[in-house]
Amino acid sequence: MRQARSLFILPAMLCALAAPGVLAFQPPPTQPQKLAPYVSSPQPLVSKMLELAGLKQGETLYDLGCGDGRILIAAARDFSARAVGVELSAVLARRSREHAETLGLGNRIEVIEGDLLAVDLKDADVVSLYLMTEANAQLRPKLEKELKPGARVVSLEFEIRGWKPSRVEKYTAHRHDYKIYLYEIPAK
Ligand SMILES: C[S@@+](CC[C@H](N)C(=O)[O-])C[C@H]1O[C@@H](n2cnc3c(N)ncnc32)[C@H](O)[C@@H]1O
């Protein structure tokens, strides 16, 4: 008798588990990937990058992986641009925000704490990068999809493989040699 009841209960339990939402496959949430360690751009190269990109007053710059916010600060203060930083590290994102507020640039600088691969870049005029070659390769399809014609990408030290730079400038800062790559998004 007990065996007969178990035989009835088991299929009923399986049906309940198979109800929508109970056994539905839940993929693990994808964790943002750390695409580069935190190393600041040498300060003398920050303005070189923005000059090379031809950043103009009123344009919007995105610094993907903005670290302590130094590129955002230069873009807003010295080029009168709007600057958006994306930073995975909560500590660095807070530091960037505080840095901007202290200098009275909070109205021109926005810092997004999160994954740079998840932020929409369609309103960017200039994107600055100091990541790594592999990270740039991961980012490339997104840049190709979202950036508008005429947008510029400047990358310190690491090229974007498969793209032809319009300029490559060499600089020395803090006794190291660096390259800055400039890319321009062509008309579609
Ligand atoms: C080499 S540092 C460059 C910092 C800054 N752009 C500069 O030039 O001074 C790279 C930064 O990217 C950040 N980063 C790495 N992976 C990221 C991701 N998936 N989303 C957002 N930020 C990320 C790191 O935390 C680090 O602050």
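Residues numbered from 1 in each chain as written. Predicted model: local features only at pLDDT ≥ 70, side-chain atom pairs only at ≥ 80, totals over all residues.

1. Remarks on the overall build of the protein
And step 1. The helix and strand inventory of the protein stands at 5 helices and 7 strands.
And step 2. When the helices and strands of the protein are read in sequence order from the N terminus, they spell out α-α-β-α-β-α-β-β-α-β-β-β.
And step 3. Every one of the 188 residues in the protein was classed for burial, and the buried ones make up 33%. (Helix = DSSP H or I, 4+ residues; strand = E, 2+ residues; numbered from the N terminus. Buried ≥ 20, exposed ≤ 12 C-beta atoms within 10 Å, placed from the backbone.)

2. Re the pairing of strand 1 (residues 60–64)
And step 1. A large share of strand 1 lies buried, amounting to 4 of its 5 residues.
And step 2. Here strand 1 runs beside strand 2 (residues 82–87); their pairing, made up of 5 bridges, is parallel. In the strand pairing of strand 2, leucine 61 is matched with alanine 83.
And step 3. On the question of chirality, the crossover connecting strand 1 to the parallel strand 2 by way of helix 3 (residues 70–78) is right-handed.
And step 4. Bridge count between strand 1 and strand 4 (residues 126–129): 4 bridges; the pairing is parallel. Across the sheet, residue tyrosine 62 finds its bridge partner in strand 4, namely valine 127. (Pairing = 2+ DSSP bridges. Right-handed = clockwise from strand over helix to strand, strands pointing away.)

3. Describing the sheet that holds strand 1
And step 1. Sheet architecture is open: 7 strands sit in the order 3-2-1-4-5-7-6, paired in mixed fashion. The two strands at the open ends of the sheet, each matched to only one other strand, are strand 3 (109–113) and strand 6 (167–173). On average, each strand axis in the sheet is inclined to that of its neighbour by 20°, with strand direction left out of account.
And step 2. Sitting on the sheet, helix 3 touches strand 1, strand 2, strand 3 and strand 4, and the angle it makes with strand 2 is about 175°. (Axes fitted to C-alpha atoms, helices over the stretch in contact; angles between N-to-C directions. Contact = placed C-beta atoms within 7 Å.)

4. Thoughts on the nonpolar core
And step 1. Ranked by size, the top nonpolar core spans 47 residues in total, and within it Met49, Leu72, Ala75 and Val127 carry the most contacts.
And step 2. Ranked by the residues each element gives to this core, the list is headed by helix 3, at 6 residues.
And step 3. With residues near it in sequence (within four places) discarded, leucine 72 still touches Asp63, Cys66, Ala83, Gly85, Ser96, Ala100 and Ile109. (Core = buried A, V, L, I, M, F, W, Y, C linked by C-beta atoms within 7 Å.)

5. Side note on helix 2 (residues 43–52)
Because an α-helix completes one turn every 3.6 residues, residues spaced three or four positions apart along the sequence face the same direction.
And step 1. The complete set of buried residues in helix 2 reads Leu45, Val46, Met49, Leu50 and Leu52. The buried residues of helix 2 all sit within an arc of 160° when viewed along its axis, so they share a single face. Exposed residues on helix 2 whose side chains face more than 90 degrees from its buried face are Gln43 and Pro44.
And step 2. Looking at the buried side of helix 2, the elements it contacts are helix 3, strand 4, strand 5 (152–156), strand 6 and strand 7 (176–184).
And step 3. One or two steps after helix 2, the chain reaches glycine 54, where phi turns positive at roughly 65°. (Arc of directions from axis to C-beta.)

6. Some points on the site of the ligand
And step 1. Around the ligand lies a shell of 25 residues, among which Leu35, Ser41, Gly65, Gly67 and Leu88 are the nearest.
And step 2. Where the shell around the ligand is concerned, the elements lending two or more residues are helix 3 and strand 2.
And step 3. Residue composition of the shell around the ligand, by class: 14 nonpolar, 6 polar and 5 charged. (Near = placed C-beta within 6 Å. Nonpolar A, V, L, I, M, F, W, Y, C, P; charged D, E, K, R; others polar.)

7. Structural notes on unusual backbone geometry
And step 1. At serine 80, a residue that is not glycine, the phi angle is positive and equals roughly 50°.
And step 2. With a phi close to 65°, arginine 175 is a non-glycine residue in the positive phi region.
And step 3. Looking at the secondary structure, you find arginine 175 in the loop between strand 6 and strand 7.

8. Quick notes on the pairing of strand 7
And step 1. Where strand 5 and strand 7 come together, 5 bridges link them in antiparallel fashion. Looking across to strand 7, one finds that valine 154 is bridged to leucine 182.
And step 2. Sheet topology places strand 6 next to strand 7; 7 bridges connect them, and they run antiparallel. Across the sheet, residue tyrosine 171 finds its bridge partner in strand 7, namely tyrosine 178.
And step 3. Counted along the chain from strand 6 to the antiparallel partner strand 7, the turn is 2 residues long, and its residue histidine 174 has a positive phi close to 50°.

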